[in-house]
Amino acid sequence: MIILFDIKAVHEIMSLETVWFGSVASALAGLATGAGALPVLFVRKVSDKLMDVMLGFSAGVMLAATFFSLLIPAIDFGGIWVAVLGIVVGAVALHLADRFVPHFHPTIGREGPSSRLSRVWLFALAITIHNFPEGLAVGVSFGTGDIAAGLVVAMAIGLQNMPEGLAVALPLLREGYSRQKSLGYSTLTGLVEPIGGLLGVALVSVFHPVLPWALAFAAGAMLFVVSDEIILESHRKGFERQATFGLVVGFIVMMLLDFLFT
């Protein structure tokens, strides 16, 4: 009985450490959004070509993280059909949220259902829809029990959040917000991610059989975000080829990071 109790206690401590690591890592990844937006304190505009290359790089990082850090473990833990169904559910969930939750994307000029909310709140809801699955991806990656794999996903999300933070802050600056407010709002948008991270790591730590489903769900949601928002945004100003090469470089960088650290 004493041995069983000790084993159970060790398991509980490991679970608490995993939850702590996942929560902190997703918070740091979210704060990278604010770090990426820091240039708005000094400049009012970044060239469209550079911005599209950076967004393409961001999309490549997310795609590589989706495949190597989410889909492959989902298949290993749950099999191919769990991965397929999880991807579908994740993508459909993001589609429904994008269709029925009022929001506004200033970077691509797209609005969701009409609402009486101010544009700031609509913008906040748009970022919530976008960033929540990223935090969830970090959380469920830590939930596998592989801290290195979780750190790689957190690093990937942080890398892709940096150009995204700038892409969020610059339109706010153009709409008349001060430099400080543009930076502040951009930073706040990343703080949705720790919520998703905490939920993800806690869920799979307590209900381990959910792990492959959660990994595949996060992968499907990330694929939806990459295609529906990031690639779309990087291809709308005439620099599609540059953005595509940015995507290829981002994919390679993330693939190398995943190989080196896991």
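What counts and how
- Residues numbered from 1 in each chain as written.
- Predicted model: local features only at pLDDT ≥ 70, side-chain atom pairs only at ≥ 80, totals over all residues.
- Heavy atoms only, no water.
- Phe/Tyr/Trp six-rings, centres within 6.5 Å; stacked < 30°, edge-to-face > 60°.
- pLDDT = per-residue confidence, 0-100.
- Helix = DSSP H or I, 4+ residues; strand = E, 2+ residues; numbered from the N terminus.
- Contact = heavy atoms within 4.5 Å.
- Buried < 20%, exposed > 50% of the residue type's maximum accessible area, 1.4 Å probe, protein only.
- Patch = residues over 30% accessible without salt bridge, like charges linked within 9 Å, V, L, I, M, F, W, Y side chains within 5 Å.
- Areas by Shrake-Rupley, 256 points an atom, 1.4 Å probe, with all protein chains shown as cover.
- Salt bridge = Lys/Arg side-chain N within 4 Å of Asp/Glu carboxyl O.
- Core = buried A, V, L, I, M, F, W, Y, C linked by side-chain atoms within 4.5 Å.

Evaluation of the coordinates by the stated rule reveals two aromatic pairs. Members of the aromatic cluster, each reached through a chain of ring pairs, are Phe-67, Phe-68 and Phe-251.

What follows concerns the confidence of the model for the protein chain. Low pLDDT marks regions whose predicted coordinates should not be analysed in detail. The pLDDT averaged across the protein chain works out to 81; a share of 85% of its residues lies at or above 70. Across the protein chain, helix α9 (residues 240-261) holds the top mean pLDDT of 92, while strand β2 (residues 110-111) sits lowest at 58. Counted against residues more than four places away or in other chains, residues 1-14, with its pLDDT under 50, gives zero contacts.

Right, let's talk about the environment of Glu-233 for a bit. Within the secondary structure, Glu-233 sits in helix α8 (residues 211-234). For Glu-233, a relative accessible area of 12% translates into the label buried. Residues Glu-233 and Asp-52 lie 181 residues apart in sequence; the distance between their C-alpha atoms is 7.7 Å.

Right, let's get into the environment of Ser-234. For Ser-234, the position within the fold is in helix α8. The class of Ser-234 is buried, set by a relative accessible area of 2%. Put simply, Ser-234 and Asp-52 are 182 residues apart on the chain and 4.5 Å apart in space, counted from C-alpha to C-alpha. Setting aside its immediate chain neighbours within four residues, Ser-234 contacts Asp-52, Leu-55, Gly-56, Phe-239 and Ala-243.

Judged by side-chain polarity, Ile-75, Ile-80, Trp-81, Val-84, Val-88, Val-92, Leu-96 and Phe-100 come together as a nonpolar surface patch covering roughly 760 Å² of accessible area. When residues of the nonpolar patch are assigned to their parent elements, the largest contribution, seven residues, is made by helix α3 (residues 80-100). Mapped onto the secondary structure, Ile-80 falls in helix α3.

What follows is about the side chain of Glu-193. Its location among the elements puts Glu-193 in helix α7 (residues 193-206). Glu-193 gets classed as buried once you look at its relative accessible area, which sits at 0%. In this structure, Glu-193 is in contact with Ser-26, Ala-29, Gly-30, Asn-131, Glu-134, Gly-135, Ile-157 and Asn-161, ignoring residues within four places of it in sequence.

Another point: the environment of Gly-250. Mapped onto the secondary structure, Gly-250 falls in helix α9. Residues Gly-250 and Met-62 lie 188 residues apart in sequence; the distance between their C-alpha atoms is 8.2 Å. Ignoring sequence-local partners within four residues, the contact set of Gly-250 consists of Phe-57, Gly-60 and Val-61.

The biggest cluster of nonpolar side chains holds 45 residues, and the ones touching the most others in it are Val-40, Leu-70, Val-138 and Val-140. Elements represented by at least two residues in this core include exactly α1 (2-36), α2 (48-78), α3, α4 (119-143), α5 (147-174), α7 and α8. Take this core: its biggest share by element is twelve residues, from α8. Among the nonpolar cores identified, the runner-up in size contains seven residues, and Val-152, Ala-156, Met-254 and Leu-257 belong to it.

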